[in-house]
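Given next are the chains, with one letter for each unit.
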Amino acid sequence: DKAAEKKEPRDVEAERKTDRRKALQSHHRAANSVCWHNLPFCLVSASQDGSIHYWDVRTPDAPSITFAPRSDAVREVDFNPFYHNYFAAAFDDGTVQAWDLRKPNACERRITAHDGLVLSVAWHPQDSSILASGGRDGTVKVSFSSFNVF
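Calculation criteria
- Residues numbered from 1 in each chain as written.
- Predicted model: local features only at pLDDT ≥ 70, side-chain atom pairs only at ≥ 80, totals over all residues.
- Heavy atoms only, no water.
- Helix = DSSP H or I, 4+ residues; strand = E, 2+ residues; numbered from the N terminus.
- Buried < 20%, exposed > 50% of the residue type's maximum accessible area, 1.4 Å probe, protein only.
- Contact = heavy atoms within 4.5 Å.
- Pairing = 2+ DSSP bridges.
- Axes fitted to C-alpha atoms, helices over the stretch in contact; angles between N-to-C directions.
- Salt bridge = Lys/Arg side-chain N within 4 Å of Asp/Glu carboxyl O.
- Core = buried A, V, L, I, M, F, W, Y, C linked by side-chain atoms within 4.5 Å.

A. Focus on the overall build of the protein. Scanning the protein for helices and strands turns up 2 helices and 11 strands. Mapped from its N terminus to its C terminus, the protein presents α and β elements in the order α-α-β-β-β-β-β-β-β-β-β-β-β. Relative to its 150 residues, the protein shows a buried fraction of 41%. In the protein, once contacts between residues fewer than 6 apart in sequence are set aside, the share between residues at least 24 apart is 37%.

Dropping the structure here:
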């Protein structure tokens, strides 16, 4: 009997969404920023708890690298478009830091960029040594060669 063989229709869309979503959980407060790395499946996340994590989303149980900025909240992160081991991070203490993925225990460069919170950072798309930052102080600062870590 064909009616007995008939199965319930599947909710394919729901299955697809469920199968593809992965939660990366390691921050203890709000995750303020994420930025994809040049390598497929890898990203960096920054949190209100002051932590920065580098993840391979294929293995979401724990971050691949945890950075130790020893600072307040991290507002944003951005990878250098030319040197893929380097990223910049914006901090609540007014600093901007450049980090090397290969050296998670200490930043490569640190400057006091703003009076108060740094809310955003962005590498220049054509010059690896130029970094812009925006702060709660109402200014946008452009750092020329301050972050040339090479």
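More follows now that the structure is in view.
B. Seen up close, the sheet that holds strand β6 (residues 86-91). The sheet built from 4 strands is open, its strands ordered β5-β6-β7-β8 with antiparallel pairing. At either margin of the open sheet sits one strand with a lone partner, and together these are β5 (74-79) and β8 (109-112). Taken over all neighbouring pairs, the strand axes of this sheet differ in orientation by 15° on average, direction set aside. Here β6 runs beside strand β7 (residues 95-100); their pairing, made up of 5 bridges, is antiparallel. The residue bridging Ala90 from the neighbouring strand is Val96, located in β7.

C. Seen up close, the sheet that holds strand β9 (residues 118-123). Spatial strand order, β9-β10-β11: 3 strands in an open sheet with antiparallel pairing. If you trace the sheet from one side to the other, it starts and ends with β9 and β11 (140-144), each paired once. When strand polarity is set aside, the average angle formed by the axes of neighbouring strands in this sheet is 20°. Here strand β10 (residues 130-135) runs beside β11; their pairing, made up of 5 bridges, is antiparallel.

D. Fine view of the side chain of Thr95. With respect to the secondary-structure elements, Thr95 resides in strand β7. For Thr95, the residues in contact, after removing those within four places along its chain, are Ala89, Ala90, Arg110, Ile111, Thr112, Ala113 and Val118.

E. Structural context of unusual backbone geometry. Even without being glycine, Phe41 reaches a positive phi, approximately 75°. Of note, Phe41 is situated in the loop between β1 (31-36) and β2 (42-47).

F. Seen up close, the pattern of salt bridges. Evaluation of the coordinates by the stated rule reveals 5 salt bridges. One salt bridge connects Asp56 with Arg58, and the closest N-O pair in it is separated by 2.7 Å. Close ionic contact of Asp92 with Arg75 constitutes a salt bridge, the shortest N to O distance being 2.5 Å. Taken together, the residues span a long stretch of sequence, with Asp92 in the loop between β6 and β7 and Arg75 in strand β5 at a distance of 17 residues. Owing to a relative accessible area of 17%, Asp92 belongs among the buried residues under this scheme. Looking at Arg75, the relative accessible area reads 23%, which means it is partly exposed.

G. Structural view of the nonpolar core. The biggest cluster of nonpolar side chains holds 15 residues, and the ones touching the most others in it are Ile52, Val77, Phe87 and Ala89. Of all the secondary-structure elements, those providing two or more residues to this core are β2, β3 (52-56), β5 and β6. Apart from the residues lying within four places of it in its own chain, the contact partners of Val77 are Ser33, Cys35, Val44, Ala46, Phe87, Ala88, Ala89 and Val121. In terms of nonpolar packing, the next biggest core, distinct from the first, is built from 8 residues, Val96, Val118, Val121 and Trp123 among them.

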